[in-house]
Amino acid sequence: MKTLHEARESVADFYKSNAIAIHEENLYASHVTQEQKDTLLEQGRAYAESVRRGNQDNCFAVWQRIHEAMTGECVAFLPH
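The following refers to the structure shown. (Residues numbered from 1 in each chain as written. Predicted model: local features only at pLDDT ≥ 70, side-chain atom pairs only at ≥ 80, totals over all residues. Heavy atoms only, no water.)

Inspection of the secondary structure puts Ala46 in helix H2 (residues 34-52). For the pair Ala46 and Ala12, spaced 34 residues apart in sequence, the C-alpha separation works out to 9.9 Å. (Helix = DSSP H or I, 4+ residues; strand = E, 2+ residues; numbered from the N terminus.)

In the structure shown here, the tally under the stated rule is five salt bridges. Put simply, Arg52 and Glu9 hold a salt bridge, and the shortest N to O gap is 2.6 Å. Within this pair, whereas Arg52 is found in helix H2, its partner Glu9 is found in helix H1 (residues 4-25), the two being separated by 43 residues in sequence. With a shortest N-O distance of 3.2 Å, Glu49 and Arg52 are connected by a salt bridge. In this pair, Glu49 and Arg52 both sit in helix H2, three residues apart, roughly one turn of the helix. Through salt bridges with shared partners, one network takes in Glu9, Asp13, Glu49 and Arg52. (Salt bridge = Lys/Arg side-chain N within 4 Å of Asp/Glu carboxyl O.)

Quick look at the structure:
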């Protein structure tokens, strides 16, 4: 089981690596310029750092990932 800090770090690392992977795979439409791609990468990195600082804990997707990292259970969006 991870602490809140460890879980938050793990989730932030996920968001950062995801932003980098999207940028490197270049799956954008042809009309998206390199400048726009670079801007989206920086926004993704900034979001990851915001997660790392705890500023996104109220976002369901972030909270869900943190909870899963801490408990091993994924909370469903809608209950059964």
